[in-house]
Every structure is written in C-alpha cells, then in structure tokens.
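Examination of the molecular architecture
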Amino acid sequence: MYLVVVGVNHRTAPVEVREKLSFSDHQLKDAFSALLSYPSIDGSVILSTCNRTEVYVASLDVDTGLKVVREFLANWAGLSLSDIKNYTYNYTLYDAVHHLFRVASGLDSMILGETQILGQVRDAFLKASSLKASNKILNTLFQHAITVGKKVRTETGIDKNPVSISYAAVQLACSFFGSLKDKKALLIGAGKMGSLTAKHLNYYGIKEIIVANRSFEKAEQFAREFNGIAVPFAKIYDILAEVDLVISCTGAPHLIIHKEQLELVIGNRQHPLYLIDIAVPRDIDPEIAKLPNVFLYDIDKLQNVVTKNLEERKKLAEMAENIIETELKAFIEWHSTQFVVPTIVALKKKAEEIKQKELTKALNKLGNISEREKNIVCALAHTIINRLLHTPIVKLKQYALTPQGHLYTEILQNLFDLQVEGERPKNISHPRDEMEENDEERGYCGESR
C-alpha cells in the first residue's frame, strides 16, 4: 500500500482555482465515495482549508494512485487534466509523509508556524474516519502527523512569537494587562484587519468589544459576528472614557482621534488607557502619547516586533525540521515492516496447522493418557514451534528496514510455500529504495521545489 498526495495551495494557484478545488463538509461523503470507487484506492483523507486542498490516498500502485487523484480532482472541479497538473503539486511514498508532517507543524503555511492548521489536519482525519474513508496506513500517518505537530509546538515554541500585526497588537495588549477577561476594548474599523483583531481578542477572552465604524450598519453587522456592541462613529470620545484598550485600524486618510478632544474626556480617569494604532496612515494623533496615564503604540513599533519574531520563527523552524526528520524515520520503520506482516501471519498459520495436525496424530497414538500428560505434550509442541519461528520472524522484521527486505520476504515465502494475502505487488521498487536514492538531490520536501 503506497501513499500519494495531490494538492493545491496559495503558492500554486489563484483563489478562483482553489475555490473550485475546495470541499465543504457536506460534500465529503460524495467525494470519498467517488475516490473509493476506484479499485486501486484503499483509503483517503481530504484536507481542505481556505489556503489549501490536499487529497491523500493509500493506493495499490503509485502511478495509478497519482493518475486517479488527478482525474478525480479534474472531474470534481470541472477542470482539464492539464490544468490540474499545472496548478497542483504531488508527493508520493515517504515524500508524502514528510510533507504532511511539515503541514501539521505549520512549516508549510502562509504564516510560518501558525497553529490553526494542526486543528484542521486533525478535523480532516476525524471526518475521513467517521465516513469510513481512511484505512490503517492513513490512520497511523495522520495520528503520527498530529503528534509531530504538537511536538514541534511544544519543543520549539514556534507559535509563541506573533508575526502578524493584528496578533502582535493583541499580544501587546495582553502584556499590558496580564489578562483581558475583565477588560473592555474599543475597536475602530470593521475591515479585514479589524476582523482579525477581533478574532484574537475573543480568543484571549476579552470581556467586551465595542465596535465603531464610519458605516454604522457595517459596525452592527461586525459586532454581531463577534458578540460585540456597535456604537455610532460620532460617539467614539464618549466610549474612550470607559474602555481600557483602543485598537484602531481604519483606512481613513486623516487622524480619527485627536489629542485635544481626548484630553477633555479622560481628565478624571483613574486607570491607564492603552491605544494601539495599526492603521496606515495613522488614525491616532502621536501627540496623545504626551498625555498622563495614556500609552500609545503605533504600527512601526509593532512591525519591529513582528520582524524580530519572524526571524526567531525561522530559527525555530530549523529545530522543527530536525524533529520532523526524526519522526519521519520512526514512521518509515513502522511502515517498512507492514509489508512483512502478511508473511509472518501466513508463517504462523502454517506452523499452527502443522502443530495441530501432528498433535492429533501423537495423542491418538498415546491412547488413554492423563490430562496432565496431554498438557505437557501440547506445551512441548507449542514451545518448539515458537522457538523455531522466533529467529526467522525477528530477522525478517529487521530485514524489512533494509532495501533487501522484500527479497528476504519472498525467499521466506518460497521456502515455506506460504499462501500470503495482500502480498506487495511485483516490479515496484520499495519506497525506501527510492527515498534513499533521491535523498541527496531532494533535500527537504516543500511545495516550492
């Protein structure tokens, strides 16, 4: 059984193509049904996010599996096979494993080290399992990938340093207050940056979000989405007197908050006011920083933090790659032994049949013997068989980890005239052979290669 993945992401295709190749939850049942209707496909998992779609399959043959997935995607999206080849990337065998480990670890994301993708990988696996689309190989692969993603985050802390302006702004706010759970925030602007900021504020448990926007209708819609309160734009200064935090991110060509007007409404304020201006051009008068008990941070200060954190993430990504390589070797060891399992099962089955046949003959010849004597004879036969098979089975598992593993498996099958179910197809190189031959040229897997 061989692993194949065909995918598309933000680097390989524009959004209009990615949209056609996406899968909603209610479409997955039909998608898996179509994929598994191909005789060569034994299992599948589909990972579909806003920036990527990847179809993982376990196939009886590498080339056939690749062909089937491409045909499936072309039919699904209404695209030609040439379009699919132009817009997609593909990995097979252990390159596919390495790729998924990097995806789950956030190393292949638009934002290096982002955390959301790990949950998306887990959800994709659970959906495939619930629809009975996955199989043993894919189950083990995705469970291992999820473990790798968690391990990378735990051991490197790659996701701890914010590398987006909106996230950095909320992290900065957290550093002011320690906790946002009893704080009120005024969010000025209901665009994309405002949406991202609101998501981060909610994630960190902000008590209340108050939204102000030039369009009150849009502010109301935005507030409903994030369980906030909308206020008319003209009421901003009234709100400034009661909130703890202000994050402003409008597209206005001029200042929104002025020093003189703010000074009038915060005169009796007892607790500090923190303002974070992430707009370009700026929304908040820089002179406000001179007011007592008022602290202002602009996008330049945040950008310095983001740049520094991104460099740190790149360093941590090198540590993550080392973790992935170690885990890849562990998966290879497990997977390499899987093709010998049917041979071991067949060998034990044949030995058990011989043992039972000869025991029956021996016990019949011995005639009327005690139960104790019968148990001794049975135990002796059982011990002889187990000890005789122990070394060949151990050696076969060891040989499975070498390029000659399949050869030793076939020899054992021929020596004992074994009837093996699910035998590995002939004339296909062992995936480990191909991996080792290409290691020096390949380097790390990545969609950019």
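Because the structure is a prediction, the values reported are computed rather than measured.

Observations concerning the overall build of the protein
On a plain count of helices and strands, the protein comes out with 17 helices and 10 strands. Taking 449 residues into account, the globule formula puts the C-alpha radius of gyration at 22 Å, and the protein, at 31 Å, lies well above it. If one aligns the C-alpha atoms of the protein with their principal axes, the spans along those axes are about 110 × 55 × 40 Å. In the protein, of all internal contacts separated by at least 6 residues, the share reaching a separation of at least 24 is 73%. If you average the places of the 54 positive and of the 56 negative side-chain charges in the protein, the two averages end up 5 Å apart.

Structural notes on the pattern of salt bridges
Counted by the stated rule, this structure contains 14 salt bridges. Between R52 and E54 there is a salt bridge; the shortest N-O distance is 2.9 Å. Each member of the pair, R52 together with E54, is buried. K151 is paired through a salt bridge with E327; the nearest N and O atoms lie 2.9 Å apart. A residue pair is termed long-range when its members are at least 10 positions apart, and K151 in helix α7 (residues 136-156) and E327 in helix α13 (residues 299-338) qualify at 176 residues. Residue classification places K151 among the partly exposed positions, given a relative accessible area of 30%.

Things to note about the state of the cysteines
Overall, the coordinates contain 0 disulfides when judged by the stated rule. Left without a disulfide partner, C50 is nearest to the cysteine sulfur of C249, which lies 19 Å away. Residue C249 stays outside any disulfide, its sulfur separated by 16 Å from that of C174, the closest cysteine. The class of C249 is buried, set by a relative accessible area of 9%.

Describing the packing of helix α5 (residues 93-104) against α7
Axis separation between α5 and α7 bottoms out at 8 Å; the angle between their running directions is 45 degrees. Overall, the two elements α5 and α7 adopt an arrangement that is oblique. Where α5 crosses over α7, the two elements pack in a sense that is right-handed. Within the contact between the two elements, α5 uses V97, L100, F101 and A104 and α7 uses L141, F142, H144, A145, V148, G149 and R153. Across the contact of α5 with α7, the residue classes tally to 8 nonpolar, 2 polar and 1 charged.

As for the environment of A169
Tracing the backbone shows A169 in helix α8 (residues 165-177). Sequence-wise, A169 and V305 are 136 residues apart; in three dimensions their C-alpha atoms are separated by 9.9 Å. What A169 contacts, discounting residues up to four positions off in sequence, is I276, I278 and L302.

Some points on the nonpolar core
Membership of the largest hydrophobic core comes to 65 residues, with the highest contact counts inside it found for L73, F101, V121, L141 and F142. Once residues lying within four places of it in the same chain are set aside, the contact partners of F101 are L141, H144, A145, V148, I324, E327, L328 and F331. Within the second largest apolar cluster, 31 residues are counted, among which are L180, L201, A230 and V306.

Thoughts on the sheet that holds strand β10 (residues 294-298)
As summarised here, the arrangement of the 6 strands in space is β7-β6-β5-β8-β9-β10, forming an open sheet in which the pairing is parallel. Of all the strands in the sheet, just β7 (229-231) and β10 have a single pairing partner and so form its edges. On average, each strand axis in the sheet is inclined to that of its neighbour by 20 degrees, with strand direction left out of account. Helix α9 (residues 192-203) contacts β5 (184-188), β6 (208-212) and β8 (245-248) of the sheet and is inclined by roughly 170 degrees relative to β5. Across the face of the sheet, helix α10 (residues 216-225) comes into contact with β5, β6 and β7 while running at roughly 165 degrees to β7.

Cut-offs used in this document
- Residues numbered from 1 in each chain as written.
- Predicted model: local features only at pLDDT ≥ 70, side-chain atom pairs only at ≥ 80, totals over all residues.
- Heavy atoms only, no water.
- Helix = DSSP H or I, 4+ residues; strand = E, 2+ residues; numbered from the N terminus.
- Rg over C-alpha atoms; globule rule 2.2 N^0.38 Å.
- Contact = heavy atoms within 4.5 Å.
- Lys, Arg positive; Asp, Glu negative; His and termini not counted.
- Charge placed at Lys NZ, Arg CZ, Asp CG, Glu CD.
- Salt bridge = Lys/Arg side-chain N within 4 Å of Asp/Glu carboxyl O.
- Buried < 20%, exposed > 50% of the residue type's maximum accessible area, 1.4 Å probe, protein only.
- Disulfide = S-S within 2.5 Å.
- Axes fitted to C-alpha atoms, helices over the stretch in contact; angles between N-to-C directions.
- Parallel < 35°, antiparallel > 145°, perpendicular 65-115°, else oblique.
- Left-handed = near helix turned anticlockwise from the far one by under 90°.
- Nonpolar A, V, L, I, M, F, W, Y, C, P; charged D, E, K, R; others polar.
- Core = buried A, V, L, I, M, F, W, Y, C linked by side-chain atoms within 4.5 Å.
- Pairing = 2+ DSSP bridges.

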